[in-house]
Amino acid sequence: MTTALPLPAIHASHSGCWLRDSHGSTRATGKGEAIIAAADTPLLMLNAPLVATRLGYPDLSGLDLLELFAFIHPARFMVPTPKGLAHVLDLPEPDGDDAVPALLQIAAETLLATCSDPNWPEREGAWSALQNLTRMRWPWAPLLAARLATPAKAERWLFARLPEWEEAPERPQPAQVALAPEAITQRLGQLTGSGAEARPAQVAYASEAGEVFAPRRREGLPHVLLAQAGTGIGKTLGYLAPASLWAEQSGGTVWVSTYTKALQRQLRRESRRAWPGQRGNGTQPVVVRKGRENYLCLLNLEDALQGGFAGRAAIMAQLVARWAAYSQDGDMIGGDLPGWLGTLFRQRGIKALTDQRGECVYAGCPHYRKCFIERAARASAQADLVIANHALVMVNAARGRDHAQRPTRLVFDEGHHVFEAADSTFAAALTGAETIELRRWVIGPERGSKGRRRGLSARLADVASYDEAGGKAIAAARYAAEALPGDGWLQRLAENAPSGPLEELLAAVRATVYARDESGGQEAGYGLETEAAQFEGAFVERAQAAQEALAELRVPLVRLGVRLEAILAEPPDWLDGAGRARIEGARHSLAWRIDLLAAWEALLDRLGGPADPEFVDWLAVERSEAREFDVGIHRRWLDPMKPFARTVLEGAHGVMITSATLRDGANWDTAIARSGAAALEIAPRLSSFDSPFDYAGQAEVLIVTDVPKGDVAALAGAYGRLIEASGGGVLGLFTAIRRLRVVYGRIADRLARTGLPLYAQHVDPIDTGTLVDIFRDDPRASLLGTDALRDGVDVPGHSLRLVVMEQVPWPKPSILHRARRLAGGGSAYDDQIIRARLAQAFGRLIRSKEDRGHFVVLSSAFPSRLLSAFPDGTPITRVTLDEALHRVSGSVSARTIRSESPA
C-alpha cells in the first residue's frame, strides 16, 4: 500500500470541512476551526484559492498539491479535483469528501517519491529551479530538497535548453489540381477506418467540401461554400479528407479556422489520422497557430525570473519556466500549460508573461531564435494544415505581416461566429486604455516603471544615430506622444482635472455619458453608453483638438517608416541579418499603429458632421462591479462582413464556412449575408446536411411556465430541484452574471450535502476551460455559466444530460444592436439571433447516438415563433415545473435501469 506523507491535510467543499492530522485521524470540523488550523501550521490542500473560497478566508495558504504537481509534472494534463488527482497518479478514488484528506497525504508522498525515480522524465532543470524556489521560501521547497539529489553535472539554463528554429526556403505556389469525388471518398474511408459505420451524409459533405479546392476562375472571386452540417455528421473528417488530399497533390497549405480553443484541440487530435506527428525531415505537417498574446514571451519570462516579479508571482514564474522546457509549443492559453496554474496565484501573472501589448522587438530579442511564436509562424509556412482561429486569420490578412504565405484555401469551422469575429477585428476604439498603451509604446517607461518596456528611442537607437532624419522623426514622435493620456488618467478624469487634449476629450465623453444616462441608477455597476450625436460646440472643439494631437503623432511615425524603408533599401555596412529582421519588425509595428491613429482621426473627424452610414459610433464608460476602468469613443462597421470580404475573401481561392447552426431554419438569407459573399457579388454554393440523431427519441424540450420572471428565489429553487431530479449532469445557462451568482449562492451548499457538486463561472476561482474539464470528468457535477458555455462545449455522454436556460436569450439592447436591428428588419432580426442562440445551446445536449437528455427553458412566455430553433422532430412541451421534474427524473431512472440491465 502507498505510504502517506505525515503532514496534516484539509479538504473543504460546500458540504463541509474535514481535517486529517499527521497520525491518520480524520474528523469533520467547522469553518472557524479549519481556518485556525490552517493559520497555525501549513496544511496539505488541493487548489488553495478554491478551498479559501469555501472557507470564506481569502488569506489562506498552505501546501497546495497543484503547485507540487506543476513542479513535478509540468505540461501534463490533470483535472484539478480529488478524483482527477487520483486518476493521474493511479490511486484509488476517494469514496467521499471525508476520504479526500487521506488521498492528499498519499498523493503528496507519491509526487515527492517521484524525485527519487531514475525514470522521472521531467528531472532536468528541477534541481536548479528548486534552488530559486528555496530562496523564495516556497512551502514545498524544504520537502523537495530532502528528496531531490544534486545532479552529477550542472544543469543547463532554460534558455540554453530550448531548441532553435531553422530558416526554410519559401514553398512554391501550389499546383492547380481538381479533386475527384471518388478520391475524396476513398480518403475519407482511410481517415474513418475500415470498422467505422457508413455515413452517406458525411460522404456527401466531404464531396461538397472538395469544391472549394478547385482552381479559381477569376481574380478576386473565390469559390465560397456555405455548408450547414448538423451535429453527428462528422464535419471535421468531412473537410479534412479533401483538405489532406489537396495538400498532398498540390503541395499547398490549408488553413482551418475555429472560434473556440476546444475545437482547436479536437482538430489537432483528428488531424493525426491524416498526417503523422512529424515528417521524415523532422518538420511538422500540422501546426496550431494563435495570436501572439497566447504564447509565452521568453524575454518577459527572463525579466520575471531575474527580479521582475516578486512574492507569489515570482514562484509562478519559476513554475512556468519548468513548463516552458517541456511544452509542446509554448501556448499558455488553451495549450499544455494547466489552465488552473494562473488562478493559484490570484493575479494576472500569466498574461504578463505573454506579448499583450505588441511590444515584440523581433530580432532584437536575445531569444529570437528560440521564440515559440516565431517557431510556429515558420512551421506554418511549411505545413500542410494550419489550425488557426478566426481572429488570427483576419488580423493577419489586415496587417499583412506573416512568415507564412497568405492562405488561399480556408475552412471556417464554427462559421456562425465569423460575423462576431469580424465585428471585433475591424472595430476602432479611442479609449483611455488604448491611448495610454500607445503612449507607452512610443515613450517607454516613465517615472521608474519596472519591466522591459522600451520606447522608440531605445528600440531604434542605432537607426537614430545613423540616420539624422530618422532620429528627428523619433524625437518628434516622442514629443507628440506626451499629449496622450498618462498614468493616473482615470483618477484625473474622476477629479475633473484632465491633462492634455486627449484627456480633456475623454473627460467630455465621461461627462456626456453620465449626463445622458436614463437608466435611473438601475444599471449601477454596469457600463453606460450614449450615441455619438447632438454634441455641443465645446465637445466638438475638444474632439478637433484631440484629432490634431493624433495627427501630430502620426506624421513623424509615417516619416520614420519611410526612413526605415530607405535603410533597408540601401543598408549600411553594420546592418546584419538580425538587424534587418529587427527593422522589418519595427516597420510592421509602425504600420499598424499608423493605421490605428488614422482610424481614430477619422472617428473624431465625423463627430462634428453627419454620421457615416457605414459605421455605428457611440460613447461609453466601461464599469465592472461599480468601478470604472475605461472611457472612450467606439466605432463598429454596421456590416463588418464588408471589410472581411475585402481583406480575407478577395485574396483567397476557396473558402468554406461551415457550422451546425449556419442558417435560420430553412432560410439561407442570414447565412449568405454573414458570409461576406454579397460584398464581392459572389453567389455562394449552398449545402445542408441534417443530423443523423433521433431527436424524437433522444431529446425533449420543456418550456416551464410557472417560474415567475424576476423572482430570483423561485429561479434558484427551480435550478436546485432540476439538478436534484437529474442527479447532476446539468449545464445551466444564464444571461446575467448577477442572477447566476445569486442562484449559485442559494443552492450550492444544499446540493453538495446530497453529493451533487456545483461549479460556476464568475464565482469559482477557476478558469472556464478547467471548469468544463471538471464538469466532463464527474457525472454528478453541474456547471452554471454564461455565453462562453453556450457554444463550443463538447461534453458527450452521461456527464451532460440536462441543459437549463434561465430565460429566453434576448439580445442586449445596446446602441450597436439597435442600429443593426433597424437595418436588419426589426423584430425579425432579433428572432434570428435568439433562434441561433437556442440552437447553439441545444447543440450541447446531444453529441452522440447514445446521448439522452432534456432541454429546459424557465420562461412562462416563450414565443412560439422561436420553437423552430430546435431540430425537426424534437418533442416540445409546455409544462409546469413539477411536470418537468417528473419527466427529468423519470428519464434518469429509465437510463439507470437500462445501464444496469444484463446484456
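Structural data are supplied above this passage.
The structure presented is a predicted model; accordingly, all values stated were derived computationally and were not measured. (Residues numbered from 1 in each chain as written. Predicted model: local features only at pLDDT ≥ 70, side-chain atom pairs only at ≥ 80, totals over all residues. Heavy atoms only, no water.)

Chemist: Which residues make up the overall build of the protein, and what values do they have?
Modeler: Within the protein one finds 35 helices and 23 strands. Relative to the 2.2 N^0.38 estimate, which gives 29 Å for 903 residues, the radius of gyration of the protein is 29 Å and therefore close to what a compact globule would have. When each of the 903 residues of the protein is scored for burial, the buried share is 54%. Restricting to contacts in the protein with at least 6 residues of sequence separation, those with at least 24 account for 76%. Total accessible area on the protein stands at roughly 38500 Å², and carbon and sulfur atoms take up 50% of it. For the protein, the centre of its 102 positive side-chain charges and the centre of its 106 negative side-chain charges are spaced 1 Å apart. (Helix = DSSP H or I, 4+ residues; strand = E, 2+ residues; numbered from the N terminus. Rg over C-alpha atoms; globule rule 2.2 N^0.38 Å. Buried < 20%, exposed > 50% of the residue type's maximum accessible area, 1.4 Å probe, protein only. Contact = heavy atoms within 4.5 Å. Areas by Shrake-Rupley, 256 points an atom, 1.4 Å probe, with all protein chains shown as cover. Lys, Arg positive; Asp, Glu negative; His and termini not counted. Charge placed at Lys NZ, Arg CZ, Asp CG, Glu CD.)

Chemist: Account for the sheet that holds strand 23 (residues 876–879), naming residues and giving values.
Modeler: Here we have seven strands laid out as an open sheet, ordered 19-20-18-21-22-17-23, and parallel in their pairing. Only two strands of the sheet have a single neighbouring strand rather than two, namely strand 19 (758–760) and strand 23. Sheet twist, expressed as the mean angle between neighbouring strand axes with direction ignored, is 20 degrees. Sheet topology note: the strand 19/strand 20 (residues 782–785) ladder contains three bridges and is parallel. What sits directly across from Tyr 759, in strand 20, is Leu 783. Set on the sheet, helix 31 (residues 737–753) makes contact with strand 19 and strand 20; between it and strand 19 the angle comes to about 160 degrees. (Pairing = 2+ DSSP bridges. Axes fitted to C-alpha atoms, helices over the stretch in contact; angles between N-to-C directions.)

Chemist: An account of the nonpolar core is needed here, citing residue identities and associated values.
Modeler: Counting residues in each nonpolar core, the largest one holds 67 residues, and the members touching the most others are Phe 71, Trp 140, Leu 144, Leu 296 and Val 320. Broken down by element, the residue count for this core peaks at ten residues, all from helix 14 (residues 312–324). Grouped together as the second largest cluster of nonpolar side chains are 54 residues, Leu 438, Ala 473, Leu 553 and Leu 604 included. (Core = buried A, V, L, I, M, F, W, Y, C linked by side-chain atoms within 4.5 Å.)

Chemist: Describe the pattern of salt bridges, naming the residues involved and giving the relevant values.
Modeler: According to the stated counting rule, one finds 44 salt bridges in the structure shown. Close ionic contact of Lys 290 with Asp 331 constitutes a salt bridge, the shortest N to O distance being 2.4 Å. Of this pair, Lys 290 sits in the loop between strand 8 (286–288) and helix 13 (298–308) while Asp 331 is found in the loop between helix 14 and helix 15 (349–352), placing the two residues 41 residues apart along the sequence. Grouping residues by exposure puts Lys 290 and Asp 331 together as buried. Sharing partners across several salt bridges, the network here consists of Glu 124, Arg 156 and Arg 161. (Salt bridge = Lys/Arg side-chain N within 4 Å of Asp/Glu carboxyl O.)

Chemist: I'd love a proper account of the packing of helix 9 (residues 181–192) against helix 10 (residues 200–209), names of residues and values included.
Modeler: A pair of packed helices is captured by two measures, namely the crossing angle of their axes and the spacing between those axes. For the pair helix 9 and helix 10, the least separation of the axes is 9 Å and the interaxial angle reads 125 degrees. Considering their axes alone, helix 9 and helix 10 lie oblique with respect to each other. For the pair helix 9 and helix 10, the crossing hand works out as right-handed. Between helix 9, through Pro 181, Ile 184, Thr 185, Leu 188 and Thr 192, and helix 10, the contact on the second element is made entirely by Gln 202, Val 203, Ala 206 and Ser 207. Counted by class, the contact of helix 9 with helix 10 contains five nonpolar, four polar and no charged residues. (Parallel < 35°, antiparallel > 145°, perpendicular 65-115°, else oblique. Left-handed = near helix turned anticlockwise from the far one by under 90°. Nonpolar A, V, L, I, M, F, W, Y, C, P; charged D, E, K, R; others polar.)

Chemist: Please give an account of unusual backbone geometry that cites residues and values.
Modeler: The backbone phi angle of Gln 534 is positive, close to 55 degrees, even though this residue is not glycine. With relative accessibility at 73%, the residue Gln 534 sits in the exposed group.

Chemist: I'd like a rundown of the sheet that holds strand 12 (residues 528–531), residues and numbers included.
Modeler: Across the sheet, four strands lie side by side as 11-14-13-12; this open sheet has antiparallel pairing. The two strands at the open ends of the sheet, each matched to only one other strand, are strand 11 (428–431) and strand 12. In this sheet, adjacent strand axes meet at a mean angle of 25 degrees when their direction is disregarded. Here strand 11 runs beside strand 14 (residues 627–637); their pairing, made up of four bridges, is antiparallel.

Chemist: So what's going on with helix 16 (residues 372–382)? Which residues, and what values?
Modeler: A large share of helix 16 lies buried, amounting to nine of its eleven residues. On its buried side, helix 16 packs onto strand 8, helix 13, helix 14 and strand 9 (385–389).

Chemist: Go over a positive patch on the surface with me, naming the residues and quoting the values.
Modeler: Judged by side-chain charge, Lys 261, Arg 265, Arg 269 and Arg 272 come together as a positively charged surface patch. Mapped onto the secondary structure, Arg 272 falls in the loop between helix 12 (261–271) and strand 8. Residue Arg 272 is classed as exposed on the basis of its relative accessible area of 54%. (Patch = residues over 30% accessible without salt bridge, like charges linked within 9 Å, V, L, I, M, F, W, Y side chains within 5 Å.)

Chemist: Break down the pairing of strand 13 (residues 615–624) for me, with residues and values.
Modeler: Most of strand 13 is tucked away, with eight of its ten residues classed as buried. Inspection of the sheet shows strand 12 paired to strand 13 by four bridges, in the antiparallel sense. Within strand 13, the position partnered with Thr 530 by the bridge is Leu 619.

Chemist: With reference to specific residues and values, describe the side chain of Lys 370.
Modeler: By the secondary structure assignment, Lys 370 is in the loop between helix 15 and helix 16. Buried and without a salt bridge, Lys 370 has Glu 164 as its closest oppositely charged side chain, separated by 4.8 Å. In contact with Lys 370, not counting residues within four places along its chain, are Phe 159, Ala 160, Leu 162, Pro 163, Glu 164, Trp 165, Leu 298 and Arg 375.

Chemist: Quick one: what's the story with the packing of helix 25 (residues 537–569) against helix 26 (residues 577–607), residue by residue and with numbers?
Modeler: Two elements in contact, helix 25 and helix 26, have axes whose closest approach is 8 Å; the angle formed by their N-to-C orientations is 160 degrees. When the axis of helix 25 is compared with that of helix 26, the two are roughly antiparallel. Here helix 25 and helix 26 pass one another in a crossing that is left-handed.

Chemist: Lay out the pairing of strand 10 (residues 409–412) with the relevant residues and their values.
Modeler: Across the two faces of strand 10 the burial is the same, with Arg 409 and Val 411 and Leu 410 and Phe 412 all buried. As paired elements, strand 7 (residues 254–258) and strand 10 share four bridges and run parallel to each other. Bridge pairing links Val 256 to Val 411 in strand 10. Bridge analysis of strand 10 against strand 15 (residues 654–659) gives four bridges, and the strand direction is parallel. When the sheet's bridge partners are listed, Leu 410 is paired in strand 15 with Val 655.

Chemist: Tell me about the packing of aromatic side chains, and please be specific about residues and values.
Modeler: Tallying each qualifying case throughout the model produces 14 aromatic pairs. Plain terms: the ring middles of Tyr 205 and Phe 689 are 5.6 Å apart, the flat faces sit at 80 degrees to each other, and that makes the pair edge-to-face. Residue Tyr 205 is located in helix 10, and its partner Phe 689 is located in strand 16 (residues 685–689); the two are separated by 484 residues in the primary sequence. Across the pair, Phe 689 and Tyr 205 agree in class, each one buried. Relative to Tyr 695, the ring of Phe 693 has its centre 6.1 Å away and its plane inclined at 80 degrees; by these criteria the two rings are edge-to-face. On the basis of relative accessible area, Phe 693 is assigned to the buried category, the value being 9%. Take Tyr 695: its relative accessible area is 9%, and that puts it in the buried class. Put simply, the rings of Phe 693, Tyr 695, Phe 842, Phe 855 and Phe 870 touch in pairs and so form one group of aromatic residues. Stacked on the ring of Trp 165, the Lys or Arg Arg 369 has its end atom at 4.2 Å from the ring centre. The ring of Trp 165 carries the charged tip of Arg 378 above its face, separated from the ring centre by 3.8 Å. (Phe/Tyr/Trp six-rings, centres within 6.5 Å; stacked < 30°, edge-to-face > 60°. Lys NZ or Arg CZ within 6 Å of the ring centre and 35° of its normal.)

Chemist: Tell me what's going on with the side chain of Gln 547, and back it up with residues and numbers.
Modeler: As for its placement among the helices and strands, Gln 547 is situated in helix 25. When near neighbours in sequence (up to four residues on either side) are disregarded, Gln 547 contacts Glu 601, Leu 604 and Asp 605.

Chemist: Describe the environment of Leu 298, with residues and values.
Modeler: Relative to the elements of secondary structure, Leu 298 occurs in helix 13. Along the sequence, Leu 298 and Phe 372 sit 74 residues apart, while their C-alpha atoms lie 8.2 Å from each other. In this view, Leu 298 contacts Phe 159, Leu 162, His 367, Lys 370, Cys 371 and Phe 372; residues no more than four positions away in its chain are not counted.

Chemist: Let's hear about the environment of Leu 460: which residues, and what values?
Modeler: Within the element layout of this structure, Leu 460 appears in the loop between helix 20 (456–459) and helix 21 (461–466). Accessibility expressed as a relative area gives 1% for Leu 460, which makes it buried. The contact partners of Leu 460, leaving out residues within four places of it in the chain, are Ile 474, Leu 560, Leu 564, Arg 582 and Ala 586.

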